[in-house]
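Listed here are the chains, written in short residue letters.
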Amino acid sequence: MQPLDGVDLRVVAALQVNGRATWDRIARVLKEPTRNVARRATRLRESGVLSVIGMVDDLRLDSVVLRLRCRPGSAAGVGAALSELPQARFVTLVSGSADCVAELSVADDTLQDLLLQDIPAIDGVLEITVYPALKYFSTPLDWHLGVLTQQETEELHEQWPPAPGRFQRAREAPSAEDEQIIAVMAADGRATHAEVAAATGTSESTARRRLDSLLRRGILRVRAKIEPAYLGLPTEAVLWLRVVESEVEAVGQALAARPEVRCVAAVAGDHQLVAQTALPGRAELYAFLRMIGGLRGMRAIETTVMLRPLKRGFMIKRDGRVERRAGPTGSS
């Protein structure tokens, strides 16, 4: 993948902050011509490099992280089968002690069947280790590229209460009417109010009011999605951390504050934390591992390098591009 240039990066970063900001607003903040901003964003979206989608946490679902060992030669097939599961939020092939890593967002009443029947029945699966997620310190929704100044970021933010992260969820689940709007935004986070109204059978003013309410209450978040390799961060890894229990909170918070970390969660099992990282190269990964190895309470770090991401945010990937959405409507 060819990394994006400076202006493209800044346009992507702006859409990470506010996926529904108008091209005029983004152009003013970035001090670029409106036509240039719109042209670049449209080109990236039409090529499949960039997507802007609406996402919401379903309060009825919980997350589990899976490590899978596969029969030699079968990892790609296992990963593809996992990607087809509607409950799979994230799937990647990795190197090291595991062959495949996945994150599921699933209701308790279906988790048992998935773990005891459906996933073990996938051809090639030899062993599954399950890590229930206990707390998210940060998620890819919270991660920003870091190419904008603080003032530029503030100018792009809506003047609404901060949207809750997965570790501080919205207090209410979407209504049936909200779900209709969320379905539209899940396909295109930049859909116009007129398009939302047409798709939901309401007036444009009603569509605007309901959509703004979802965004203001933090139930719905509109976010730019792009492969880290396009951002100059092609070296990704999943880190499995053993941490002294009394230091898990401090280490989790420290990792969440690092720009290299896209996601970090406390989990139940023989590791206490799982983190996803994205860096420019292996030398930078090595330096990062040495740095966090010195954090107080850190006992051991196991590194599995991501070889081929197959699914992110419920969206299946093909050659770094979004092929289709295959997850619960509106989930992040």
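Residues numbered from 1 in each chain as written. Predicted model: local features only at pLDDT ≥ 70, side-chain atom pairs only at ≥ 80, totals over all residues. Heavy atoms only, no water.

1. So, a negative patch on the surface
Then, in step 1: Together, D62, D108, D109, D113 and D118 give the surface a local cluster of negative charge.
Then, in step 2: Among the elements that line the negative patch, the one with the most residues is helix α5 (residues 108-118), at four residues.
Then, in step 3: Turning to its location among the elements, D108 is positioned in helix α5.
Then, in step 4: Given a relative accessible area of 58%, D108 falls into the exposed group. (Patch = residues over 30% accessible without salt bridge, like charges linked within 9 Å, V, L, I, M, F, W, Y side chains within 5 Å. Areas by Shrake-Rupley, 256 points an atom, 1.4 Å probe, with all protein chains shown as cover. Salt bridge = Lys/Arg side-chain N within 4 Å of Asp/Glu carboxyl O. Lys, Arg positive; Asp, Glu negative; His and termini not counted. Charge placed at Lys NZ, Arg CZ, Asp CG, Glu CD. Helix = DSSP H or I, 4+ residues; strand = E, 2+ residues; numbered from the N terminus. Buried < 20%, exposed > 50% of the residue type's maximum accessible area, 1.4 Å probe, protein only.)

2. Brief notes about the packing of helix α7 (residues 176-187) against helix α8 (residues 193-200)
Then, in step 1: Close contact between α7 and α8 brings their axes to 10 Å; oriented N to C, the two are set at 125°. In this view, α7 runs oblique relative to α8, as classed from their interaxial angle. Considering the relative orientation of α7 and α8, their crossing is right-handed. Counted together, Q180, I181, V184 and M185 of α7 and V196, A199 and T200 of α8 form the full contact between these two elements.
Then, in step 2: The class makeup of the residues in the contact of α7 with α8 is five nonpolar, two polar and no charged. (Axes fitted to C-alpha atoms, helices over the stretch in contact; angles between N-to-C directions. Parallel < 35°, antiparallel > 145°, perpendicular 65-115°, else oblique. Left-handed = near helix turned anticlockwise from the far one by under 90°. Contact = heavy atoms within 4.5 Å. Nonpolar A, V, L, I, M, F, W, Y, C, P; charged D, E, K, R; others polar.)

3. Looking at the side chain of R25
Then, in step 1: For R25, the position within the fold is in helix α2 (residues 23-30).
Then, in step 2: In terms of polar contacts, R25 uses its side chain to reach the backbone carbonyl oxygen of L156, at 3.1 Å.
Then, in step 3: A polar contact of 3.0 Å, which involves the side chain of R25, links it to the backbone oxygen of H157.
Then, in step 4: Beyond its immediate stretch of four places on either side in the chain, R25 contacts N18, E155, L156, H157 and E158. (Polar contact = N/O pair within 3.5 Å; in protein donor to acceptor, adjacent residues only side chain to side chain.)

4. Re the nonpolar core
Then, in step 1: Counting residues in each nonpolar core, the largest one holds 46 residues, and the members touching the most others are L15, I26, L156, M185 and I226.
Then, in step 2: Counting only elements with at least two residues in this core, the list comes to α1 (6-17), α2, α3 (34-46), β1 (50-55), α7, α8, α9 (204-216) and β6 (221-226).
Then, in step 3: When near neighbours in sequence (up to four residues on either side) are disregarded, I226 contacts L4, V12, V49, L50 and L231.
Then, in step 4: Residues A88, A102, V106 and L115 belong to the second largest nonpolar core, which totals 22 residues. (Core = buried A, V, L, I, M, F, W, Y, C linked by side-chain atoms within 4.5 Å.)

5. Some details on the packing of aromatic side chains
Then, in step 1: This model, assessed by the stated rule, comprises one aromatic pair.
Then, in step 2: An angle of 45° between the planes, with centres 5.4 Å apart, marks the rings of Y131 and W240 as tilted. With Y131 in strand β5 (residues 125-138) and W240 in strand β7 (residues 235-243), this pair connects stretches of sequence that are 109 residues apart.
Then, in step 3: Relative accessible area serves as the criterion here: at 0%, W240 is assigned to the buried category.
Then, in step 4: Here the basic side chain of R190 rests over the ring of W23, its NZ or CZ set 3.8 Å away from the ring centre.
Then, in step 5: The residue whose ring lies beneath R262 is W143, and the NZ or CZ to ring-centre distance is 5.1 Å. (Phe/Tyr/Trp six-rings, centres within 6.5 Å; stacked < 30°, edge-to-face > 60°. Lys NZ or Arg CZ within 6 Å of the ring centre and 35° of its normal.)

6. Let's talk about the pattern of salt bridges
Then, in step 1: One pass over the structure, following the stated rule, counts 17 salt bridges.
Then, in step 2: With a closest N to O distance of 2.7 Å, R45 and D188 form a salt bridge. Placement of R45 in helix α3 and of D188 in the loop between α7 and α8 is noted, with a sequence separation of 143 residues between them.
Then, in step 3: A cluster of three or more residues bridged by salt bridges with shared partners is formed by D5, D8, R40 and R43.

7. Description of the confidence of the model for the protein
Then, in step 1: In the predicted model, the protein carries a mean pLDDT of 89, and 89% of its residues have values of at least 70.
Then, in step 2: In this model residues 328-332 is a low-confidence stretch, pLDDT under 50, and it forms 24 contacts with partners more than four residues away in sequence or in other chains. (pLDDT = per-residue confidence, 0-100.)

8. Notes on the environment of G189
Then, in step 1: Among the structural elements, G189 can be located in the loop between α7 and α8.
Then, in step 2: Residue classification places G189 among the buried residues on the basis of a relative accessible area of 0%.
Then, in step 3: Put simply, G189 and G54 are 135 residues apart on the chain and 4.9 Å apart in space, counted from C-alpha to C-alpha.
Then, in step 4: With sequence-adjacent residues up to four places away left out, G189 is seen in contact with R20, V52, I53, G54 and V222.

9. Structural notes on the packing of α2 against α3
Then, in step 1: The geometry of α2 relative to α3 is characterised by a closest axis approach of 8 Å and an angle of 115° between their N-to-C directions. The orientation of α2 with respect to α3, classified from their angle, is roughly perpendicular. In this structure, α2 crosses over α3, and the sense of that crossing is right-handed. Contacts from W23, D24, I26 and A27 of α2 reach α3 at T34, V37, A38 and A41.
Then, in step 2: Along the lines of polarity and charge, the residues of the contact of α2 with α3 split into six nonpolar, one polar and one charged.

10. Comments concerning helix α10 (residues 248-256)
Then, in step 1: Turning to α10, its buried residues number three or more, namely V248, V251, G252 and L255. For α10, the angular spread of the buried residues around the axis is 100°, confining them to a single face.
Then, in step 2: Buried residues belonging to α10 abut β5, β7, β8 (261-267), β9 (273-279), α11 (282-293) and β10 (298-312). (Arc of directions from axis to C-beta.)

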